[in-house]
Amino acid sequence: MDRERIVHEMGLGPIWKLRTPATEVMPDAAMETHAAIVESPEANPAAAELPVPSFVSNADAIPVSAMAWDELAAAASACRRCRLCEQRKQAVLGVGDTGADWLFVGEGPGAEEDECGEPFVGQAGKLLDNMLAAIGLKRGRDVYIANAVKCRPPENRTPAADEIAACRPFLERQIELLQPKLIAALGRPAAQTLLQTEVKIGAARGKLHDYQGIPLIVSYHPAYLLRTLLDKAKAWEDLCFMRQTMETRKVD
Ligand code: URA
């Protein structure tokens with residue numbers, strides 16, 4: 001299949017239809033998935049203004065790091081580790097094949113995901129499904145999909161650093177249980193959560209990163225791609241790089 005057709009099948013066509021001249025685009029500034037990337041309350045007044053409730057510990061009988069899948073799901077549903085529990089309808093742990101080789105990690109549930117309890121079911125999810133299909137993958141079959149935070153940030157704001165940190169044990173345990181052969185970090189919050197460092201997508205993509213011995217590839221978040229057609233071809237390159245990396249791993 002040629003690249004133009006695949007990009008079309010990803011729902012991203014037509015190719016190279018720039019909305020602004022390339023010289024006016026500031027790629028790394030535009031890479032954020034929702035609003036500003038949050039490193040501190042100062043950088044995210046929306047998060048800083050939220051009242052910090054006194055969270056009730058759910059006093060897990062066993063630590064998250066030792067939980068099985070069903071315990072993890074129950075603990076996420078009962079979780080009150082951060083303010084995101086206050087407005088969620090439900091926690092959205094993840095979806096897919098728990099024996100999957102592929103793990104895709106996004107940012108956090110939006111309104112539709114909060115409603116139905118499954119990650120990436122809205123517009124961005126449809127695009128993610130098309131992206132998966134473009135490299136021969138299908139949600140639920142050899143793919144697991146999760147997010148950096150399990151509860152919807154109000155107004156779909158970017159999760160704050162403390163919310164990501166509070167939720168991180170859940171993602172860590174999911175990865176430990178899955179033992180995927182490849183992790184795809186979609187967007188800056190996912191990449192920063194997993195790599196535990198400042199990430200600029202433009203600089204981080206195209207490289208093989210490492211998450212505790214598991215190859216990790218950074219790419220754009222589907223919601224960003226919906227807004228920024230300019231980068232659709234780069235997302236295709238990233239998918240090819242993922243596919244190629246996985247094929248190499250299978251030979252190893
Ligand atoms: N965006 C995300 O990052 N995750 C979802 O589940 C939905 C939208």
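A brief structural summary. (Residues numbered from 1 in each chain as written. Predicted model: local features only at pLDDT ≥ 70, side-chain atom pairs only at ≥ 80, totals over all residues. Heavy atoms only, no water.)

This brings us to helix H6 (residues 161–178). With 18 residues, H6 extends 25 Å from end C-alpha to end C-alpha; this agrees with the ideal 26 Å at 1.5 Å per step. The sharpest bend along H6 measures roughly 40° and falls at Cys-167, with the proline Pro-169 sitting one to four residues further on. All of the buried residues along H6 are Glu-163, Ile-164, Ala-166, Cys-167, Arg-168, Phe-170, Leu-171, Arg-173, Gln-174, Ile-175 and Leu-178. Once H6 finishes, Gln-179 follows within two positions and takes phi at roughly 50°, a positive value. (Helix = DSSP H or I, 4+ residues; strand = E, 2+ residues; numbered from the N terminus. Expected span 1.5 Å × (residues − 1). Bend = angle between axes of the 7 residues up to and from the residue. Buried < 20%, exposed > 50% of the residue type's maximum accessible area, 1.4 Å probe, protein only.)

Close to the ligand lie Gly-106, Glu-107, Gly-108, Pro-109, Glu-113, Pro-119, Phe-120, Asn-147 and His-221. Contact distances for the ligand include 2.7 Å between an oxygen atom and a backbone N or O atom of Glu-107. Contact distances for the ligand include 3.0 Å between a nitrogen atom and a backbone N or O atom of Gly-108. (Near = heavy atom within 4 Å. Polar contact = N/O pair within 3.5 Å; in protein donor to acceptor, adjacent residues only side chain to side chain.)

Even without being glycine, Phe-120 reaches a positive phi, approximately 50°. If you trace the backbone, Phe-120 turns up in the loop between helix H4 (111–116) and helix H5 (123–134). Phi at Gln-196 is positive, roughly 55°, even though this residue is not glycine. In this fold, Gln-196 is placed in the loop between helix H7 (188–195) and helix H8 (201–204). For Gln-196, a relative accessible area of 52% puts it in the exposed group.

Turning to the nonpolar core, a few remarks are in order. If you look at the biggest cluster of nonpolar residues, it comprises 65 residues, and the most contacted ones within it are Trp-102, Phe-104, Phe-170, Ile-183 and Leu-194. Per-element tally for this core: the top contributor is H6, with 7 residues. Not counting chain neighbours up to four residues away, the residues in contact with Leu-194 comprise Val-105, Arg-168, Leu-171, Ile-175, Ile-183, Ala-185, Tyr-211 and Leu-216. (Core = buried A, V, L, I, M, F, W, Y, C linked by side-chain atoms within 4.5 Å. Contact = heavy atoms within 4.5 Å.)

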